[in-house]
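Examination of the molecular architecture
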Amino acid sequence: MAVYTQLGPEQVGAFLARYDAGELVSLKGIAEGVENSNFFVETTQSRFILTIYENRVDPKDLPFFYALLKHLHEAGCRVPRFMSDRNGNWLQTIAGKPACLIEFLSGVSVTEPSAAQAHSTGAALGQMHKALADFTLSRPNSLGISAFRPLAMRCTAQGLDAISEGLSARIFAECDYLEAHWPTNLPVAAIHADLFPDNVLMLGDNVTGLIDFYFACSEIRAYDLAVTHSAWSFSGDGKVFDADVSAAMLAGYTKAVPMDAATRDALPILLRGACLRFTLTRCYDWINTPADALVTRKDPLAFLGRLEYYSDPKQVDALLAQLP
């Protein structure tokens, strides 16, 4: 979430007039995240998130996201719904861009997750994967293995090395390794692909919502676990691994979705792929984010540190030993 397009109360008030949602009480931009412009909207009746879809989200993909969330909601998963106006329309336009009004879910995102919270998140991820077993729509992963090298080239060697000396060589070496070892025999399904702590809402140790599905795509299902594990199991700067959080997440997930031998063997590769993906996108954003955008840039080196951890055979053996 972020704010690239500024909105005033008059615009939002006119937007809300299409809905039976009450009148605008307060409006606040949300700086976290990097993809879309997001606003917290409070009305006389309820609270919502107003999302404007910026350049990275193709409007043609929005029906996929809508159907995915509808499917998950109907399956009992805690996800936000797209709100429809009086005419049944869920997709709107504001400031000349596609936009949606989205249900607000209670809860807070944790910054230093506990083992109990990680266990609940792993279980919620597993529940989501089980619910999506019969979801038939698909969407290519625009940030999958085939996108890593082109994205690194768009960052340029000079741009990468300006972030950290030697970063370009390390990234291209990792591209070589992953392209040679990426698994091709694992189940593919719809996944979240971005389940960081700020995309999980919690009350105490319980998950109240999984949000921000705009990277959702069809991909190796276990890659979703890899992304989530790498996002939750380290300190924010990527320097400290929390073994208790790691073990709890793996236990919560595998209780819902048992892990077969092929997935277990491929997990270290998927973990490295998840780290390279976020290293690269953070590098790209670091280099290209407009100076006047209300958006929090993320440190690319935080995921480079995770990548080095998952590249260490001793650490990987200890990690796999945590699996049931």
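The structure under discussion appears in the preceding block.
Scope of this entry: the structure provided in the associated data block. (Residues numbered from 1 in each chain as written. Predicted model: local features only at pLDDT ≥ 70, side-chain atom pairs only at ≥ 80, totals over all residues. Heavy atoms only, no water.)

A few points about the overall build of the protein chain
- In terms of helices and strands, the protein chain carries 11 helices and 9 strands.
- For the protein chain, the C-alpha radius of gyration of 20 Å lies close to 20 Å, the compact-globule estimate for 324 residues.
- If one aligns the C-alpha atoms of the protein chain with their principal axes, the spans along those axes are about 60 × 45 × 35 Å.
- Within the protein chain, the fraction of its 324 residues that count as buried is 52%. (Helix = DSSP H or I, 4+ residues; strand = E, 2+ residues; numbered from the N terminus. Rg over C-alpha atoms; globule rule 2.2 N^0.38 Å. Buried < 20%, exposed > 50% of the residue type's maximum accessible area, 1.4 Å probe, protein only.)

A word on the pattern of salt bridges
- Applying the stated criterion across every chain yields a total of 10 salt bridges.
- Between E103 and R81 there is a salt bridge, with the nearest N and O atoms lying 3.1 Å from each other. In this pair, E103 sits in strand β5 (residues 97-103) while R81 sits in the loop between α2 (62-74) and β4 (92-94), placing the two residues 22 residues apart along the sequence.
- Each of R170, E174, R272 and E308 takes part in a single network of salt bridges with overlapping partners. (Salt bridge = Lys/Arg side-chain N within 4 Å of Asp/Glu carboxyl O.)

Things to note about the packing of helix α6 (residues 167-181) against helix α10 (residues 301-310)
- It is the contact of α6 with α10, at a shortest axis distance of 13 Å, that shows an interaxial angle of 50 degrees. Accordingly, the angle class assigned to the pair α6 and α10 is oblique. The element α6 and its partner α10 pack so that their crossing is left-handed. On α10, the residues touching L167, R170 and E174 of α6 are L301, L304, L307 and E308.
- Residues belonging to the contact of α6 with α10 are distributed by class as follows: 4 nonpolar, no polar and 3 charged. (Axes fitted to C-alpha atoms, helices over the stretch in contact; angles between N-to-C directions. Parallel < 35°, antiparallel > 145°, perpendicular 65-115°, else oblique. Left-handed = near helix turned anticlockwise from the far one by under 90°. Contact = heavy atoms within 4.5 Å. Nonpolar A, V, L, I, M, F, W, Y, C, P; charged D, E, K, R; others polar.)

Points about the packing of helix α7 (residues 221-232) against α10
- Direction vectors running N to C along α7 and α10 enclose 110 degrees, while the axes themselves pass 10 Å from each other. Classified by the angle between their axes, α7 and α10 sit roughly perpendicular to one another. Handedness of the α7/α10 crossing: right-handed. Between α7 and α10, the contacting residues are H229, S230 and A231 on the first element and F303, R306 and Y310 on the second.

Some words on the packing of aromatic side chains
- Counted by the stated rule, this structure contains 18 aromatic pairs.
- With a centroid separation of 5.4 Å and 85 degrees between ring planes, the pair formed by F65 and Y214 is classed as edge-to-face. With F65 in helix α2 and Y214 in the loop between β8 (206-210) and β9 (217-220), this residue pair connects regions lying 149 residues apart in the sequence.
- The exposure class assigned to F65 is buried, which follows from its relative accessible area of 1%.
- For Y214, a relative accessible area of 10% gives the class buried.
- Judged by centre distance (6.0 Å) and plane angle (70 degrees), the rings of W182 and Y223 are edge-to-face. A residue pair is termed long-range when its members are at least 10 positions apart, and W182 in the loop between α6 and β6 (188-191) and Y223 in helix α7 qualify at 41 residues.
- Classification of W182 by relative accessible area gives buried; the value is 13%. (Phe/Tyr/Trp six-rings, centres within 6.5 Å; stacked < 30°, edge-to-face > 60°.)

Some thoughts on the sheet that holds strand β3 (residues 47-52)
- Strand order in the open sheet formed by 5 strands is β1-β2-β3-β5-β4, and the pairing between neighbours is antiparallel. Each having just a single partner strand, β1 (24-29) and β4 make up the two edges of the open sheet. Ignoring which end each strand starts from, the neighbouring axes of this sheet average 35 degrees apart.
- As paired elements, β3 and β5 share 5 bridges and run antiparallel to each other. Across the sheet, L50 pairs through a bridge with L101, a residue of β5. (Pairing = 2+ DSSP bridges.)

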